[in-house]
Amino acid sequence: MLAGDPSYTAGVSRGPFLSSDVAVVGGGPIGLAIAWRCAARGLRVVVHDPAPGSGASHVAAGMLAPVAEAYFGEHELTALLTESAARWPAFAAELTEASGADIGYRTEGTLMVGLTADDLAEARRLWAYQLGLGLPVTPLRPSQLRDREPALAPRVRGGALAATDHQVDPRRLVPALRLAAERAGATVVREPVRRPADVRARVTVVAAGCGSAALTGLPVRPVKGQVLRLRAPDGGPPGFRHVIRGYADGEHVYLVPRDDGEVVVGATVEERSDLAVGAGAVLRLLRAAIDLLPELAEYDLVEAIAGLRPGTPDNAPILGPLPGRPDVLVATGHHRHGIVLTPVTADLIADLVTGADPDAIGGPFRPERFVVAAADATASPFRPERHVAAGPGEGFGASGDATRSAQ
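This structure is a prediction, so every number in the text was calculated from the model and none was measured. Along each chain, residue indices are assigned from 1 in the same order as the chain's sequence is written. Selection of residues for local features in this predicted model requires a pLDDT of at least 70, selection of side-chain atom pairs for listing and counting requires 80 or more, and totals for whole chains, interfaces and linings are taken over all residues. Each side-chain value is worked out from all heavy atoms of the structure, with water and hydrogens disregarded.

If you check helix 9 (residues 342-354), its first and last C-alpha atoms are 18 Å apart, about what 13 residues at 1.5 Å a residue would give, namely 18 Å. In terms of burial, helix 9 is a largely internal element, 12 of the 13 residues being buried. Accessibility here uses a 1.4 Å probe with only protein chains present; expressed as a share of the type maximum, an area under 20% marks a residue as buried, one over 50% as exposed, and anything in between as partly exposed. Comment: elements are numbered from the N terminus, with helices defined as DSSP H or I runs of at least four residues and strands as E runs of at least two. All buried positions along helix 9 are accounted for by Thr342, Pro343, Val344, Thr345, Ala346, Asp347, Leu348, Ile349, Ala350, Asp351, Val353 and Thr354. Structurally, helix 9 contributes buried residues whose contacts are with strand 1 (19-25), helix 1 (29-40), helix 3 (75-99), strand 9 (200-206), strand 15 (318-322) and strand 16 (325-332). Gly355 sits one or two positions beyond helix 9 and adopts a positive phi of about 80 degrees. Under the convention used throughout, the expected extent of a helix is 1.5 Å for every residue step, that is, one less than its residue count. We call two residues in contact whenever any of their non-hydrogen atoms come within 4.5 Å of each other.

Rendered as structure tokens:
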């Protein structure tokens, strides 16, 4: 336990870098949740971020989708997603009590649908895989789909229900996490960290999204995603309740309804690092969305925005000590899963900070899986190491926060 450690010597910081037990670099949902958990355990915590919550979480749809996001060959990641999703009900209740804020947590479930025969065949391949993992997927006939969501297009050929895939509103989640962390005693400093050595703390946690690459040398790359936000006419709620994830003439799209009338439509997947919004991307997303839910043609288009997911070579997060530096912990690379993985990441990192026995579920995601050669203890601890080549990812609905530029 670091709190009260007699070997800790407080010093006078220069500028914004306050002395602390734990310095968290990154003020997205991952960083703020870690700060909250650590502060609640009695540690002195400082979060460093010039614009908390302005990265990928500001763009993300907030789907908590361990079932719908279970993809071929990602068995360990699926287990982590499932575990974290199981923690979300208690996490949401605790955060709501600690912050006094509504975070938009909803539990209606997710409908996965196929518009055409080819779309349905593609979707069924994935559902069969998910069912083979023992995940709760309930196939539905077209009539059963429309019993649940009458607004679905008559052309929809079939679908399935993932009842345990829920949602939260990231634009409400981040302020609530910041408030809970500050009420627990954490301090948020709105300044960038250009070198981890600049912070004054016994333990540094790097949770800076895409900015983590420059800070640690780990293979975290930006994966661009473009997202639209619509609003139901006349200020009313959307005409559907479930999250809808669909295939429409080969185009993947998701539709996330909010209580306030907003509908989030996403998302593109691009191996690019710019934040431009393209007319072609808007066209493809709107066409697929309206093909599945025709009433969306009457909604207002209120925002088109792009963000950068922090991707890794295996599309899984990086969680644990930086090789050769046990005082530097990494919590990044969450790609499309940052929101759903927030509870388990915060618990795993807080346990490592306080010296508790690490949860075995975090073992496959340690940073050393990307390091070819052992870190030289005498070299700069943040020197980039060689790593395996990066590969593409999918989805954007649950991405972790990513800095808009390297910090």
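Read on, since the account is not over.
One way to put it is that helix 1 packs onto helix 6 (residues 170-183) with a least axis distance of 8 Å and a crossing angle of 25 degrees. The angle between the axes of helix 1 and helix 6 places the two elements in the roughly parallel class. Crossing of helix 1 over helix 6 shows left-handed handedness. Here helix 1 contributes Pro29, Leu32, Ala33, Ala35, Trp36 and Ala39 to the contact with helix 6, which in turn contributes Leu173, Val174, Leu177, Arg178, Ala180 and Ala181. Side-chain classes follow a simple rule in which Ala, Val, Leu, Ile, Met, Phe, Trp, Tyr, Cys and Pro form the nonpolar group, Asp, Glu, Lys and Arg form the charged group, and the remainder, Gly included, forms the polar group. For the contact of helix 1 with helix 6, the per-class residue count stands at 11 nonpolar, no polar and one charged. Geometry is summarised by axes, namely lines fitted to C-alpha atoms with helices restricted to the contacting stretch, and by angles between N-to-C directions that run from 0 to 180 degrees. An angle below 35 degrees is treated as roughly parallel, one above 145 as roughly antiparallel, one from 65 to 115 as roughly perpendicular, and anything else as oblique. Whether a crossing is left-handed or right-handed is set by the direction in which the near helix is turned from the far one by less than a right angle, anticlockwise for left-handed and clockwise for right-handed.

Turning our eyes to something else, we now look at the sheet that holds strand 2 (residues 45-48). Pairing between strands requires that DSSP locate at least two bridges from one strand to the other. The sheet built from six strands is open, its strands ordered 8-2-1-9-16-15 with mixed pairing. A strand with exactly one partner marks an edge of an open sheet, and here the two such strands are strand 8 (187-189) and strand 15. Adjacent strand axes in the sheet meet at a mean angle of 25 degrees, parallel and antiparallel pairs treated alike. As defined by bridge partners, strand 1 adjoins strand 9 across six bridges and the pair is classed as parallel.

Attention now goes to empty space enclosed by the protein. Here a cavity means grid points, on a 1 Å grid over the protein atoms only, where a 1.4 Å probe fits yet cannot get out; a pocket means an open set of points with protein on both sides within 12 Å along at least five of seven lines; lining residues are those with an atom within 4 Å of a point. Grid points are joined across faces, edges and corners, and a volume is the space filled by probe spheres set on the points. All chains considered together, the criterion is met by three cavities of 30 Å³ or more. In this structure, the second largest cavity encloses a volume near 40 Å³. If you go around the second largest cavity, the residues you meet are Gly104, Arg106, Gln167, Asp169, Arg172, Arg258 and Asp259. Among the residues making up the lining of the second largest cavity, the classes are represented as no nonpolar, two polar and five charged.

Note that every value here comes from positions in space, so none of it alone points to a role or purpose.
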